[in-house]
Amino acid sequence: MDDSKELNRLNKARALIKNKLDCSGRNGIYDLTGLSGGFEISKNYLNLLETYVGPAIFSEKINELGVKHLSGHEGAHGAACFNRTSSAILSTIMTLSKSFKNVVHFVPERPSHPSIPKSCNIFGMKYFESDLKDEIISKIDNETVTVITGATMDHKITSRDIAEDLINIAKNKGSITFFDDASGARLRKLHNEPPALEMGADLVVTSMDKLMKGPRAGLLAGNKELVDKIYSEGLKFGLEAQSPIMAAVIKAIEDFDIEELKRAFKRAEHIDLNVFNKEGVSYQKTPTGFLIKGISEEQAITSAMNLLENFGIITIAAAGMPGASKTLRIDFCSKDADKISDEYIINAILASNPLKK
Ligand SMILES: *Cc1c(COP(=O)(O)O)cnc(C)c1O
């Protein structure tokens, strides 16, 4: 989809959200994207949200909590925070492009998140992606960064076997491994898959906004020296998180509770979607909700706009950033998910006419 069409879609969704807010306030809106951009800040940090004062306290705290959240080792590993996961990725590719020529990228299902190929393009790195492990392995060498996506935007997961193989082969061949674990850091944990750093990845990035109630920031962790380099490159281009975001990231990591995610998983597992079968709507359950299958991108967007306008339900197909997946998807790991019943959601989707051409 071209950029201007994407911006039109985003603007239309924002106008619909504004209209809902004007009519019925925040309670008339149900964000079921799984990305809710929570922004809680500890009271004792509120007077520290300044350019230089805040980071003096927050960067050390983020380093400590971030390494822990991503199961790194204190001492060997470090962590730093960026404006978005995409910003951490851009900063990482920018930094690694000084020492490496190519990027190969294993994704459990194509296509990858656009931030990786687009960043490679900016810094002249040759880019190759595949969902076939052997195809990736054949291209790993000491001039190549090996990127692994832990879980796609549609929640397809890379298994331990594949990840460990790729990491070990990359290590033997002198390549650096960078794990894009935006949602995967938590999603894979729920599937009892090991953390990226524990498997030996050099770097991992995760989103504070995916299966997590934090702001839309990216947390990068891994080899301390590399993280320091990437952070200082990022500083030159304004990619690093500012004080208020850092404070909200700290609270989000402190409040993270995997039991809440497990409850959302249970809801996703037990929701009865049989009525979709009767209506001829095909669907697929995901670990954290479900998605509608067999419809075009256009149908998904139309349906998502109807869901927003008529039922106050926000989905990524309507309000997602340009380039985000156009799958019509409901995510129970959203902070508004507890406010509405399964019936409300199912009836809303049927009324939004996903099958209409
Ligand atoms: C969401 C996501 C990103 C980017 O996150 P932003 O918050 O949009 O910057 C990158 N990679 C993957 C796999 C993602 O799911």
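Looking at an unreviewed UniProt entry, one finds the chain named L-seryl-tRNA selenium transferase and attributed to Methanococcus vannielii. Entered under Cofactor (unreviewed entry) in the UniProt record, the comment concerning the chain runs "pyridoxal 5'-phosphate".

**Thoughts on the domain arrangement of the chain**
If you check the domain split of the chain, you get domain 1 (3-34 + 258-352) and domain 2 (43-255). Taking the mean C-alpha position of each, domain 1 and domain 2 sit 27 Å from one another. Opposite the 16 residues of domain 1 that make contact, domain 2 presents 15 residues. Of the roughly 1,400 Å² buried at the junction of domain 1 and domain 2 (both faces included), carbon and sulfur atoms supply 61%. Inspection of the domain 1/domain 2 interface yields one salt bridge. Across the salt bridge formed by lysine 213 and glutamate 260, the nearest N and O atoms sit 2.6 Å from each other. The interface formed by domain 1 and domain 2 includes three residue pairs in polar contact (both at pLDDT 80 or more). Residue composition of the side of domain 1 that touches domain 2, grouped by class: seven nonpolar, five polar and four charged.

**Here's the deal with the sheet that holds strand E10 (residues 289-292)**
Strands sit in the order E9-E10-E12 across an open sheet of three strands; the sheet is antiparallel. Of all the strands in the sheet, just strand E9 (283-286) and strand E12 (329-331) have a single pairing partner and so form its edges. The mean angle between the axes of side-by-side strands here comes to 15°, regardless of whether they run parallel or antiparallel. When E10 meets E12, the two strands line up antiparallel, connected through three bridges. Across the sheet, residue leucine 291 finds its bridge partner in E12, namely arginine 329.

Reading guide: rules and limits
- Residues numbered from 1 in each chain as written.
- Predicted model: local features only at pLDDT ≥ 70, side-chain atom pairs only at ≥ 80, totals over all residues.
- Heavy atoms only, no water.
- UniProt positions renumbered as here; feature names shortened; annotations may be inferred.
- Domains from an automatic or database assignment.
- Contact = heavy atoms within 4.5 Å.
- Buried area = accessible area lost by both parts, 1.4 Å probe.
- Salt bridge = Lys/Arg side-chain N within 4 Å of Asp/Glu carboxyl O.
- Polar contact = N/O pair within 3.5 Å; in protein donor to acceptor, adjacent residues only side chain to side chain.
- Nonpolar A, V, L, I, M, F, W, Y, C, P; charged D, E, K, R; others polar.
- Pairing = 2+ DSSP bridges.
- Helix = DSSP H or I, 4+ residues; strand = E, 2+ residues; numbered from the N terminus.
- Axes fitted to C-alpha atoms, helices over the stretch in contact; angles between N-to-C directions.

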